[in-house]
Amino acid sequence: MLKASALLAYASLGVAAATTFTSFHLREYRATAPCGFTEVGPAPQNKTLSLRLALTESDADGLIDALYSVSDPDSALYGQHLSKDAVNRFVSPQPATIEAINGWLEENGLTFEKLSPAGDWIGINVPVAQANKLFNTNFTIFRHIVTGAEVVRTLEYSLPDAIAGHIELVHPTISFPDPTSMRAPYYHIVPSLSPNITTCLNQSTPSCLQELYKIPTAPAVNQNNTLGVSGFRGGAVDPAYIQQFLETYRPDVNPPANYTIYRIDGDDPDDPGISEGYADLEYTLSLATNVPITYYFVGVNQTDGVYGMLDEANALLALDEPPNVLTTSFNLYPESVVSFALTDKLCQAYAQLGARGVTIFIASGDDGAGCSQDSTQFEPKFPLNCPFVTAVGGTQNVAPEQAWPGSSGGFSNYYPRPRYQDAAVTAFLEANGDRYIGLLNASGRGFPDIAAKADPHVIYAGVFYPVVGTSLASPTVASIFALVNDRLVSAGRPPLGFINPWLYKEGYKAFTDITTGESTIMCTENVTNTIEATEGWDPVTGLGTPRFDKLVDLLHL
């Protein structure tokens, strides 16, 4: 988390005259707590809440226009990614917003902490009693039924009319964390597993993936072309385990472990433990040969309410040179659990990174089409619903690859279908006729965008054992595109950045269409949600799986 002293540079812009804020404007509301939570009672009046305020950006729409201008291959500005300062000019609050917020904070005896490099997020600490008055609400304790974890939230809140136009949302308020939602891969431990895999038919090692996707073993040459790996939930990695894996599967690489650790929200990741980090680092290091890799480790001290994903995005935005590619093998919540306002703020942060030339891959999840709370519809996932990330689904087997049954996909109820998806998604809907009517939002952003192998991958964490899930697919795809970027930079060209407009317009030609298999999940005894892979884009495997050799040919490298 970025820190700054109270008021910082904002104070230089002046403090508004004291105003009495008595008239309120409802900002966010939900009828009931999400399924799985029960109300306990009022929060203690003297309990201190750490609240985050998202301030109104100067030109949010302008940022999105700029993102598409540098990401659409038909644009005259294609590839001309924005600088950090240029992005911040779109996002930084206007002086009028800063003045209004300063006046409101001063009148109420509050100071703040700057939480984002552009100043669009600030944090305040305030007792429950005062927060109830400030936001015309009643903060309440809710308990998660399965885990017993308790959180302080409210079902609605309002903003004083005089500042309502300057604050987009207050968080955490109506968005609830589900301690069981954030998923790593499904682990299946077999201590006696031999590392000497003789077939790639239904399991994967680095050499299997290199052969399937034609990934070169030759080392990358540009040390400024970087690959970021997200680490969450306090996951720790033992360098000795990673070294053992690389000595087993990539003994030709020297030095074998070219990675650094960047800490966010405290915690020391050097304490050994079985974690998602092993799968991600072992495979990116094995596949993206000699590409500098940074493990962005988000500790358990995060308080952003979305397991550190917002803190990670803001930390990356604060860097002068963020990674060219980022892979995240965690997905968070059912879309309906997180308010649109909070979802959109994280999505906007991803748009800022995309405008600066970062390609963001996120594993689509392992729950098939998902189950809505009443099990009558598919349930889309946050943050895969964001149109500015590239969602990665899963496949299994070889010759041919097929859809992996757990591969999550669907259609957002928050975001409309982006223009870049119009032709591909319309073709899927027309081909399936009335089959999915009532189960999904046909006009929403569809995901995943692409896919890669998600069936058993061998990893090492004290023993060799297999793990499965789209958490393995995202690092594979990220490694391929990191190597493509290496070729681009060597040719004096910019990295690909936000790839979705290019993927749906041209890039799909370098992908293998996955036309068989299905995703499936049993929601209740009588309800099973299933989506079949089909010719063209589908919400199981997207546009298909990448081939490195075809990508470099398509890009004339």
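Look up: the structure comes first, before these words.
Note that the structure is a prediction, hence the values are computed from the model and not measured. (Residues numbered from 1 in each chain as written. Predicted model: local features only at pLDDT ≥ 70, side-chain atom pairs only at ≥ 80, totals over all residues. Heavy atoms only, no water.)

## Structural notes on the overall build of the protein
In step 1: A tally of regular secondary structure across the protein gives 14 helices and 28 strands.
In step 2: When each of the 557 residues of the protein is scored for burial, the buried share is 59%.
In step 3: Considering only contacts within the protein whose residues lie at least 6 apart along the sequence, 82% involve residues at least 24 apart.
In step 4: Accessible surface computed for the protein: about 20,400 Å², of which carbon and sulfur atoms make up 51%. (Helix = DSSP H or I, 4+ residues; strand = E, 2+ residues; numbered from the N terminus. Buried < 20%, exposed > 50% of the residue type's maximum accessible area, 1.4 Å probe, protein only. Contact = heavy atoms within 4.5 Å. Areas by Shrake-Rupley, 256 points an atom, 1.4 Å probe, with all protein chains shown as cover.)

## Overview of the environment of Phe-135
In step 1: In this structure, Phe-135 sits in the loop between α4 (128-134) and β6 (140-144).
In step 2: Sequence separation between Phe-135 and Leu-159 is 24 residues, and the spatial gap between their C-alpha atoms is 5.5 Å.
In step 3: When residues no more than four places from it in sequence are discounted, the contact partners of Phe-135 are Phe-24, Leu-51, Leu-53, Trp-104, Tyr-157, Ser-158, Leu-159 and Val-170.

## Examining the packing of helix α8 (residues 276-287) against helix α12 (residues 470-490)
In step 1: One way to put it is that α8 packs onto α12 with a least axis distance of 9 Å and a crossing angle of 30 degrees. As the angle between them shows, α8 and α12 are arranged roughly parallel. Of the two elements, α8 crosses α12, and the hand of that crossing is right-handed. Packed against α8, whose contacting residues are Glu-276, Ala-279, Asp-280, Tyr-283, Thr-284 and Leu-287, the element α12 presents Ser-471, Leu-472, Pro-475, Thr-476, Ser-479 and Leu-483 at the interface.
In step 2: Partitioned by chemical class, the residues of the contact of α8 with α12 number 6 nonpolar, 4 polar and 2 charged. (Axes fitted to C-alpha atoms, helices over the stretch in contact; angles between N-to-C directions. Parallel < 35°, antiparallel > 145°, perpendicular 65-115°, else oblique. Left-handed = near helix turned anticlockwise from the far one by under 90°. Nonpolar A, V, L, I, M, F, W, Y, C, P; charged D, E, K, R; others polar.)

## Let's talk about the sheet that holds strand β4 (residues 113-114)
In step 1: Spatial strand order, β4-β5-β3-β9: 4 strands in an open sheet with antiparallel pairing. The open sheet terminates on both sides in strands that have one partner only, identified here as β4 and β9 (167-171).
In step 2: Of the strand pairs in this sheet, strand β3 (residues 48-55) and β9 are connected by 4 bridges, and their pairing is antiparallel. Residue Arg-52 lies in a different strand from β9, and its bridge partner there is His-171. (Pairing = 2+ DSSP bridges.)

## Some thoughts on the sheet that holds strand β7 (residues 150-153)
In step 1: Taken together, the 3 strands give an open sheet; going across it, the order is β2-β6-β7, and neighbouring strands pair in antiparallel fashion. This sheet does not close on itself; its edge strands, each paired only once, are β2 (37-42) and β7. Strand-to-strand twist in this sheet, taken as the mean axis angle between neighbours without regard to direction, amounts to 35 degrees.
In step 2: Here β2 pairs with β6 via 5 bridges, running antiparallel.

## What about the nonpolar core?
In step 1: Of all hydrophobic cores here, the largest spans 157 residues; its most connected members are Phe-135, Tyr-350 and Phe-481.
In step 2: Ranked by residues supplied to this core, first place goes to α12 with 10 residues. (Core = buried A, V, L, I, M, F, W, Y, C linked by side-chain atoms within 4.5 Å.)

## With respect to the layout of surface pockets
Over the atoms, a rolled probe matching the size of one water molecule traces out where space is still vacant.
In step 1: Approximately 430 Å³ is the volume attributed to the second largest pocket.
In step 2: As for the second largest pocket, its lining consists of 19 residues, of which Asn-224, Thr-226, Glu-321, Pro-322 and Asn-324 are closest to the centre.
In step 3: When grouped by side-chain class, the residues that make up the lining of the second largest pocket number 8 nonpolar, 7 polar and 4 charged. (1 Å grid on protein atoms, 1.4 Å probe; cavity = no way out; pocket = protein on both sides within 12 Å on 5 of 7 lines; lining within 4 Å. Points joined across faces, edges and corners; volume = space filled by probe spheres on them.)

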